Amino acid sequence: DSRVKGWLPKSKTRLALAVGACCYLNCTMPLPTKEEARQLLEQHVQDDYQRHHARMVATALEGYAQLFQADPHLWFVTGLLHDIDFEKHPDTHPRESLRWFKEWNYPEELIHAVEAHAYGYNGFTTLPRTKLAAALLATDELCGIFYAYRKLNPVRYGEMKASSIKKKLKDAAFAAKVDRTTIYTGCEHLGLAVDDHVANVIKFLAALDSPVPRPHE
């Protein structure tokens, strides 16, 4: 099925055929491995910051999945791919990626989370109905605060102080393009205080402080 060529490594012919059959049978396609998801990200996203942002969000969501005893792989892949159409389609994001995910028969939980993370943008009005969607909404823009803070203060993520991040979060002039409202809305639906969310993300992002070998699964 030609619809799946966008995410599959060209060498995986047998997997492509299996996925094509799965699409016609209207079944849920298995998620790509971390390595395949990384390839998909790099195929659609060329900007270094956007790639790093995707890794930040994916790492934080994987941490939340473990905290909530959910599926870490689903949450990681959702975070890694949540912005794959943004670079080429910023004015309609995430419409294109939602269409791709549906064509590839990705899980509805992933599709809903990606749609809900765009709440308030480009005409999207879907609020999170799941923990995954709420965590993505709460984490996406917050990672922008972390990144901007690190550019001014070259400190490892795991060594950041929650009080410093919270201070920057309240300062509307700092990283002014970051939409604080979505962070607060996400935390509300996640059932977490913003202070706890910031502390959690500091802990989760510590995994990015040391070189991590590429996964082979």
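Higher on the page you've got the structure.
These notes cover the structure that comes with them.

Section: the packing of helix H7 (residues 131-152) against helix H8 (residues 162-170)
Working step 1: Two numbers describe how H7 lies on H8: the axes approach to 10 Å, and their chain directions differ by 110 degrees. Between H7 and H8, the interaxial angle falls into the category roughly perpendicular. Crossing geometry of H7 relative to H8 is assigned as right-handed. Contacts from Leu142, Ile145, Phe146 and Tyr149 of H7 reach H8 at Ser164, Ile165, Lys168 and Leu169.
Working step 2: Of the residues assigned to the contact of H7 with H8, the class counts are 6 nonpolar, 1 polar and 1 charged.

Let's talk about the nonpolar core
Side chains that are nonpolar tend, in soluble globular proteins, to be buried together.
Working step 1: Formed by 59 residues in total, the largest nonpolar core has its most connected members in Leu81, Phe101, Leu110, Leu142, Phe146 and Ile165.
Working step 2: It is H7 that contributes the most residues to this core, 12 residues altogether.
Working step 3: Ignoring anything within four residues of it in the chain, the contact list for Phe146 reads Met56, Tyr157, Met160, Ile165, Val198, Val201, Ile202 and Leu205.

Comments concerning the side chain of Ser97
Working step 1: Summarising the element assignment, Ser97 is placed in helix H5 (residues 95-103).
Working step 2: Classification of Ser97 by relative accessible area gives buried; the value is 0%.
Working step 3: Not counting residues up to four positions away in its chain, the partners in contact with Ser97 are Ile84, Asp85 and Val114.

What about the environment of Asp195?
Working step 1: Counting through the fold element by element, Asp195 comes out in helix H10 (residues 194-205).
Working step 2: Separated by 29 residues in sequence, Asp195 and Lys166 place their C-alpha atoms 7.3 Å apart.

What about H7?
For an α-helix, the turn length of 3.6 residues means that residues three or four places apart are oriented alike.
Working step 1: For H7, with 22 residues, the first-to-last C-alpha span of 32 Å sits near the 32 Å given by 1.5 Å per residue.
Working step 2: Of all the bends found along H7, the most pronounced is centred on Asp140 and spans about 25 degrees.

Digging into the pattern of salt bridges
Working step 1: Taken as a whole and judged by the stated rule, the model has 8 salt bridges.
Working step 2: Of the charged contacts in the structure, one is a salt bridge between Asp209 and Arg150, with a shortest N-O distance of 3.9 Å. Here the residue Asp209 occupies a position in the segment after H10, and Arg150 occupies one in helix H7, the gap between them amounting to 59 residues.
Working step 3: Among the residues examined, Asp209 registers a relative accessible area of 14% and is labelled buried.

Looking at the packing of helix H3 (residues 48-67) against helix H4 (residues 72-81)
Working step 1: Relative to each other, H3 and H4 sit at 155 degrees, their axes nearing to 7 Å. One finds that H3 runs roughly antiparallel with respect to H4. Note on packing geometry: the crossing formed by H3 with H4 is right-handed. Facing Ala54, Arg55, Val57, Ala58, Thr59, Leu61, Glu62, Tyr64, Ala65 and Gln66 of H3, the residues of H4 in contact are Pro72, Trp75, Phe76, Gly79 and Leu80.
Working step 2: A breakdown of the residues in the contact of H3 with H4 according to their chemical character gives 10 nonpolar, 3 polar and 2 charged.

Considerations on the packing of aromatic side chains
The way to describe two aromatic rings as a pair is by their centre distance and the angle between their planes.
Working step 1: Scanning the model with the defined rule gives 8 aromatic pairs in all.
Working step 2: When the ring of Tyr64 is compared with that of Phe204, the centres are 4.9 Å apart and the planes differ by 70 degrees; the resulting orientation is edge-to-face. With Tyr64 in helix H3 and Phe204 in helix H10, this residue pair connects regions lying 140 residues apart in the sequence. Neither residue differs from the other here; Tyr64 and Phe204 are each classed as buried.
Working step 3: Put simply, the rings of Tyr64, Phe68, Trp75 and Phe204 touch in pairs and so form one group of aromatic residues.

The rules behind the values
- Residues numbered from 1 in each chain as written.
- Predicted model: local features only at pLDDT ≥ 70, side-chain atom pairs only at ≥ 80, totals over all residues.
- Heavy atoms only, no water.
- Axes fitted to C-alpha atoms, helices over the stretch in contact; angles between N-to-C directions.
- Helix = DSSP H or I, 4+ residues; strand = E, 2+ residues; numbered from the N terminus.
- Parallel < 35°, antiparallel > 145°, perpendicular 65-115°, else oblique.
- Left-handed = near helix turned anticlockwise from the far one by under 90°.
- Contact = heavy atoms within 4.5 Å.
- Nonpolar A, V, L, I, M, F, W, Y, C, P; charged D, E, K, R; others polar.
- Core = buried A, V, L, I, M, F, W, Y, C linked by side-chain atoms within 4.5 Å.
- Buried < 20%, exposed > 50% of the residue type's maximum accessible area, 1.4 Å probe, protein only.
- Expected span 1.5 Å × (residues − 1).
- Bend = angle between axes of the 7 residues up to and from the residue.
- Salt bridge = Lys/Arg side-chain N within 4 Å of Asp/Glu carboxyl O.
- Phe/Tyr/Trp six-rings, centres within 6.5 Å; stacked < 30°, edge-to-face > 60°.

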